[in-house]
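Listed below are the residues making up each chain.
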Amino acid sequence: MTDVPMIFDGHNDFLLRLLRDPDQRRQTWLTDTGQGHLDLPRMKKGGFGGGFFAIYISSPDQPIDIDDMMAHPPYDVPLPPLIEHDAAQPTALAMAGHLKWMERASDGQFRICCTVAELRDCQAKGIISGIMHIEGAEPIAANLDALYLFHDMGLRSLGPVWSRPTVFGHGVPFAFPSSPDTGPGLTEAGKDLVRLCNELGIMLDLSHLNEAGFNDVAALSDAPLVATHSNAHAITPSARNLTDRQLDVIRDTGGMVGLNFATGFLNPDGAKAEDRGFDPMLRHLDHLIGRLGEDHVGFGSDFDGAQVPKAMADVAGLGAFRDALSAHGFDAPLLEKLCHNDWFGVLDRTWKA
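Now for a description of the structure that goes with this document. Values in this document were obtained by computation on a predicted structure and should not be read as measured data.

## Concerning the pattern of salt bridges
Argument step 1. Taken as a whole and judged by the stated rule, the model has 19 salt bridges.
Argument step 2. Note that Lys125 is salt-bridged to Asp121, the shortest N-O span being 3.2 Å. Taken together, the residues span about one helical turn, with Lys125 and Asp121 both in helix α6 (residues 116-125) at a distance of 4 residues.
Argument step 3. Here Lys125 falls in the exposed class, since its relative accessible area comes to 55%.
Argument step 4. Across the salt bridge formed by Lys337 and Asp295, the nearest N and O atoms sit 2.8 Å from each other. Residue Lys337 is located in helix α14 (residues 332-351), and its partner Asp295 is located in the loop between α12 (279-292) and β11 (297-299); the two are separated by 42 residues in the primary sequence.
Argument step 5. For Lys337, a relative accessible area of 21% corresponds to the partly exposed category.

## Notes on the layout of surface pockets
Argument step 1. As a volume, the largest pocket reaches approximately 700 Å³.
Argument step 2. Lining of the largest pocket is provided by 30 residues; of these, Tyr56, Asp67, Trp162, Gly305 and Ala306 occupy positions nearest its centre.
Argument step 3. Those elements giving two or more residues to the lining of the largest pocket turn out to be α1 (14-20), α4 (66-70) and α11 (263-266).

## Section: the pairing of strand β2 (residues 48-56)
Argument step 1. The buried count for β2 comes to 9 of 9 residues, which makes it a mostly enclosed element.
Argument step 2. Strand direction decides the pairing type here: strand β1 (residues 7-12) and β2, joined by 4 bridges, are parallel. Bridge pairing links Phe8 to Gly50 in β2.
Argument step 3. In this sheet, strand β5 (residues 128-135) lies alongside β2 in parallel orientation, the contact comprising 7 bridges. If you follow Phe53 over to β5, its bridge partner there is Met132.

## Section: the nonpolar core
Argument step 1. Within the largest apolar cluster, 92 residues are counted, with the highest numbers of intra-cluster contacts made by Met102, Ile140, Leu158, Phe261, Phe299 and Phe321.
Argument step 2. No other element matches helix α5 (residues 85-105), which puts 8 residues into this core.
Argument step 3. Beyond its immediate sequence surroundings of up to four residues, Phe261 is in contact with Leu266, Met281, Phe299, Gly300, Ser301, Phe303, Gln307, Val308, Pro309, Met312, Leu318 and Phe321.
Argument step 4. Membership of the second largest hydrophobic core comes to 16 residues, among which are Phe52, Val226, Met256 and Trp343.

## Examining empty space enclosed by the protein
Argument step 1. Across all of its chains, the model carries 4 cavities of 30 Å³ or more by this definition.
Argument step 2. Estimates place the volume of the largest cavity at around 60 Å³.
Argument step 3. Along its surface, the largest cavity is lined by Met6, Ile7, Phe8, Gly49, Leu119, Cys122, Gln123, Ile127, Ser129, His340 and Phe344.
Argument step 4. Those elements giving two or more residues to the lining of the largest cavity turn out to be β1, α6 and α14.
Argument step 5. No other element matches α6, which puts 3 residues into the lining of the largest cavity.
Argument step 6. Residue composition of the lining of the largest cavity, by class: 7 nonpolar, 4 polar and no charged.

## Focus: the environment of Leu149
Argument step 1. Its location among the elements puts Leu149 in helix α7 (residues 145-153).
Argument step 2. Through-space distance from the C-alpha of Leu149 to that of Gly97 is 13 Å; in sequence the pair is 52 residues apart.

## Here we look at helix α10 (residues 244-252)
Because each turn of an α-helix spans 3.6 residues, side chains separated by three or four positions in sequence point in the same direction.
Argument step 1. Among the residues of α10, those classed as buried are Gln246, Leu247, Asp248 and Ile250.
Argument step 2. In this structure, the buried residues of α10 make contact with α9 (211-220), β10 (256-259) and α12.
Argument step 3. The positive-phi residue at the C-terminal boundary of α10 is Gly254, with phi of around 75 degrees.

## Details of the environment of Phe14
Argument step 1. You can see Phe14 is positioned in helix α1.
Argument step 2. Among the residues examined, Phe14 registers a relative accessible area of 0% and is labelled buried.
Argument step 3. Taking the C-alpha atoms as reference, Phe14 lies 25 Å from Ala141; in sequence the two are 127 residues apart.

## Some details on the packing of α5 against α7
Argument step 1. Relative orientation of the contacting elements α5 and α7 amounts to 10 degrees, with a least axis distance of 12 Å. Here α5 is positioned roughly parallel relative to α7, judged by the angle of their axes. Contacts from Gln89, Ala92, Leu93 and Lys100 of α5 reach α7 at Ala146, Phe150 and Met153.
Argument step 2. Across the contact of α5 with α7, the residue classes break down as 5 nonpolar, 1 polar and 1 charged.

What counts and what doesn't
Within any chain, residue numbers begin from 1 and follow the written order of that chain's sequence. Where totals are concerned, whole chains, interfaces and linings use all residues; where local detail is concerned, this predicted model gives features only for residues with pLDDT of at least 70, and gives and counts side-chain atom pairs only at 80 or more. Only hydrogens and water are set aside; all other atoms, that is, all heavy atoms of the structure, feed into the side-chain values. In what follows, salt bridge is the name for a side-chain nitrogen of Lys or Arg lying within 4 Å of a carboxyl oxygen of Asp or Glu. Helix numbers and strand numbers start at the N terminus; a helix is a DSSP run of H or I with at least 4 residues, a strand a run of E with at least 2. Three exposure classes are used, based on accessible area relative to the maximum for each residue type with a 1.4 Å probe and protein chains only: buried under 20%, partly exposed in between, and exposed over 50%. Here the term cavity refers to a set of points on a 1 Å grid, laid over the protein atoms alone, in which a 1.4 Å probe fits but cannot get out; the term pocket refers to an open set having protein on both sides within 12 Å along at least five of seven lines, with lining residues being those that place an atom within 4 Å of a point. Grid points are joined across faces, edges and corners, and a volume is the space filled by probe spheres set on the points. Any two strands with at least two DSSP bridges between them are considered paired. Residues enter a nonpolar core if they are buried and are Ala, Val, Leu, Ile, Met, Phe, Trp, Tyr or Cys, with the set joined through side-chain atoms within 4.5 Å. Throughout, a residue-residue contact means that at least one pair of heavy atoms, one from each residue, lies within 4.5 Å. When residue character is reported, Ala, Val, Leu, Ile, Met, Phe, Trp, Tyr, Cys and Pro are called nonpolar, Asp, Glu, Lys and Arg charged, and the others, Gly included, polar. Note on definitions: angles span 0 to 180 degrees between N-to-C directions of axes, and those axes are lines fitted to C-alpha atoms, for helices only across the stretch in contact. Oblique is the label for any angle not covered by the other classes, which are roughly parallel (under 35 degrees), roughly antiparallel (over 145) and roughly perpendicular (65 to 115).

Laid out in structure tokens, this is it:
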């Protein structure tokens, strides 16, 4: 894969697979089992250079089958209840431990990174890089003490909410068709969280925030605004996607958006159909680039957390995706930006903030 641009990815849920079957984690990580979307051999095959590895707390005893509801648009999935930090924190620590274990078990093939210099060094040496990310800040109490500890462990990216409320703000529901303007914004604790993330150089991820929360972060943050795995509302009017106004705000801060590969957020009719090739992805990319500019768009796959197009199938299918981008008319300099340079640029601007 040396003659093609390595892809740095804005979001995956691989740690959740390890959490759910820890006894098999060596096989899951180091061998191609054909299960899920990610493992070390398939990352190499697909030219996956690295990405954000999410620490995410599943909602316990979820009475609603979210995937089933989303398979039949229109839909409006009720927000799951808040999870207290003392219930979430042990799981988050276990997932952070899995990430640290991945580094040790990889025999030098995977490295957790906290600086852009480290990311670029990994890319130059063919080492897969990883950034510790928290998706939904339930493991952190309102006093924010735990944020210092996670930062010391390597945390460099955080989303204040997943699609449910936290003590910091309100997630946007899974709803189609729907505006992202679905409820109140950040709490006072959430505003404190934004300020401390800025101070520590932790990137804030807006992907699951509702519009009011997005506006609050935009008013408070002194760093570029980033949505690691979101798409264009103008193409697919899901509550999870970003309106043109939001895209304009992100552009004006020097931020960026990572294209989400989840079919339900790609297909214009909101369906989770897998058989529509790469065309929906290309439509969203055209819109995002047209609105944000080519220096502010990348990829945020949601591998191991979503249903992706059959033409992609898993991380090994990134080669076919690159071919589709080239056939669509994206030249080599633009591919370099989309595949990794835009991510490295926004992280450089953010982690220095």
